[in-house]
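Structure at a glance
Each chain is listed here by its residues.
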Amino acid sequence: MRGSDVVIVGAGHAGAQASIALRQHGFSGSILMIGRDSEPPYERPPLSKEYLSGEKPFERLYIRPPAFWAEKDVELELGNAVTALDPFARTVMLSSGEAVRYGSLIWAAGGNPRRLACSGADLNGVHSVRDKADVDRMTCELAGGARRVVVIGGGYIGLEAAAVLTKLGHCVTLLEALPRVLARVAGADLSNFYQQEHRARGVHLRLGVAVDCMEGAGGKVTGIRLGSGEMIACEMVVVGIGIEPVVGPLLAAGARGSNGVVVDELCRTSLPAVFAVGDCAAHPNPYVDGAVTRLESVQNANDMATTAAKAICGRSEPYHAVPWFWSNQYDLRLQTVGLSLGHATSVVRGDPASRSFSIVYLRNGEVVALDCVNRTKDYVQGRKLIETRAKIAPDELRKVETPLSQLFQAGRLHQYDAKDA
C-alpha cells in the first residue's frame, strides 16, 4: 500500500498553502496532495472575474509554477478524490479504488457549488463556477451566441459574474430570493450601493423572487419560470447560491460537524491526526466572540493551512487571524476586514455617491468590521481597530477627513453609551 507522512486532500488554495507551509517550517517527510482537478493548484477567485472576461490567461492563475511542486518534493495526485477514510488504520480510499496510508491528514477539500433543486436544473446551459472547466464551458457557449444570461444569486459570485458578463456586452438578469443583494454578508447601505451600480450598468435586478423551474428545448435551457408564473427567456444560466462543504467522508468516519467539519484553534478535527482547513472547516472565531464559524475566503484558507502545518511541525500557534475578503466589480474595489455578523449599528464614512467610502460596523460599541469601497487606506488602518476591539464614537468615525489611524494613535478612543450605537 502506498503511503505518505502527510496526505493533503484538496489541491486548491488551502491544500497548496499547507504543503508550502510544511516545507517552510522544516518538514522533511513525504507529502502527497490529492486533488479532483486535473490541473496543478490554481487560484479560484479570478475564475469569475479576469479569467471569464479573458483579461488573464489560465497560466497566470497557477499558485506556483507547475514545476515548483516536484522541486519541493510534493507529490501530486490529480484527477482523483478521497471517498472514505479509516481514522484508526490511518488510510484514505481514493475514487480510483486505491488505498493510501497517512501519518497526518490535512483535509482541504473545499466545497461544491450548491445546486438548484428545481426541475430543469440539469439542462445544458446551466452553469456554476467552481473550476476552470466550468468557466471554459461558459466561454464556449458565450462565443457560440448566448446573449441573454440569467444569474441566480446576489452574493459575491453572482454579482461578479453579472459585472463581467455585462462588460462583455451580454443582457444580464440577476435573481435574488432575499430583499437585497449581499444580505448575508453586509449591511443595507452596501447592498443599496451595489444594487444602484449594477442597475446603472444595465443589469436587470429582480429581488425577493423565487425560481419555480427552468424550461428548455432539445436539452438546452431556454428560460426560467418564477414562482409568480413569469417567464424570463435566456440562453444561459449561472447559479451562484453558495457552496456545500465537502466533508462527507470525514463525517462518515465519525468527525464532529454538519455544515462543515468542526475544528479547534489548531485546526484539529475530533479524529486523531486529522486536520481540516479552509472553506470546509468550522472553527471557533474570536471575531464573533468564539462562535463556531465557517469562512469562505483565500485568507482563511491560507492562514488555517499554515496553522495546521505548524502544528504538524511541532510549532502550535492558535488560529486567530483577522478575516478579510475582497471583490472586484466594474471599477469598484471592495475590501472587507473583520466580520459584521450580528452587528448592532453601522456608520457610513464618506459619500457613496463619490464611489469611495467605507462602512464601519459596531457590536457592543466595538468596531468589528469595515466594508471599504475604493478606500484602501481605511481598510488598512481599520484592521488595528478590529484587532484591539476599539470603541470609537460614531460621530468620530463619520469624519472622513480624520484618518482612522489618527483616531487610534492620538488616543481619542473613548467609551460611549453602546445604546447610542
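Below, the structure is looked at part by part.

Basis of the calculations
Residues numbered from 1 in each chain as written. Predicted model: local features only at pLDDT ≥ 70, side-chain atom pairs only at ≥ 80, totals over all residues. Heavy atoms only, no water. Helix = DSSP H or I, 4+ residues; strand = E, 2+ residues; numbered from the N terminus. Axes fitted to C-alpha atoms, helices over the stretch in contact; angles between N-to-C directions. Left-handed = near helix turned anticlockwise from the far one by under 90°. Contact = heavy atoms within 4.5 Å. Nonpolar A, V, L, I, M, F, W, Y, C, P; charged D, E, K, R; others polar. Pairing = 2+ DSSP bridges. Buried < 20%, exposed > 50% of the residue type's maximum accessible area, 1.4 Å probe, protein only.

**Some thoughts on the environment of Leu159**
Assignment of secondary structure puts Leu159 in helix H5 (residues 156-167). For the pair formed by Leu159 and Asn328, sequence separation is 169 residues and the distance between their alpha carbons is 9.4 Å.

**Looking at the packing of helix H1 (residues 13-24) against helix H8 (residues 298-312)**
At a closest axis distance of 8 Å, the pairing of H1 and H8 adopts a crossing angle of 35°. The way H1 lies across H8 gives a crossing that is right-handed. Contacts from His13, Ala14, Gln17, Ala18, Ala21 and Leu22 of H1 reach H8 at Val298, Ala301, Asn302, Ala305, Thr306, Ala309 and Ile312. Looking at the contact of H1 with H8, its residues break down into 9 nonpolar, 4 polar and no charged.

**With respect to the sheet that holds strand S24 (residues 345-349)**
Overall, antiparallel pairing links the 5 strands, which are arranged S22-S23-S26-S25-S24 in an open sheet. Every other strand in the sheet has two partners, leaving strand S22 (324-329) and S24 as the edge strands with one partner each. Between one strand axis and the next, the sheet turns by 15° as a mean value, whatever way the strands run. Sheet topology places S22 next to strand S23 (residues 332-338); 6 bridges connect them, and they run antiparallel. Following the sheet pairing, Ser327 is matched in S23 by Leu334. Packing of helix H9 (residues 376-387) onto the sheet brings it into contact with S22, S23, S24, strand S25 (357-363) and strand S26 (366-373), and relative to S26 it is tilted by some 165°.

**Focus on the sheet that holds strand S18 (residues 260-262)**
Pairing in this open sheet of 4 strands is mixed, and the strands run S17-S18-S20-S21 from one edge to the other. Edge positions in the sheet fall to strand S17 (257-258) and strand S21 (291-294), since each has one partner strand and no second. Bridge analysis of strand S20 (residues 281-285) against S21 gives 4 bridges, and the strand direction is antiparallel. In the sheet register, Ala282 faces S21, and the bridge partner there is Arg294.

**Considerations on the pairing of S25**
Among the 7 residues of S25, 7 are classified as buried, and the element is accordingly described as predominantly covered. By the alternation rule, side chains of S25 split into Phe357, Ile359, Tyr361 and Arg363 and Ser358, Val360 and Leu362, which are all buried. Taken together, the 7 bridges between S25 and S26 define a ladder with antiparallel strand orientation. Within S26, the position partnered with Arg363 by the bridge is Glu366.

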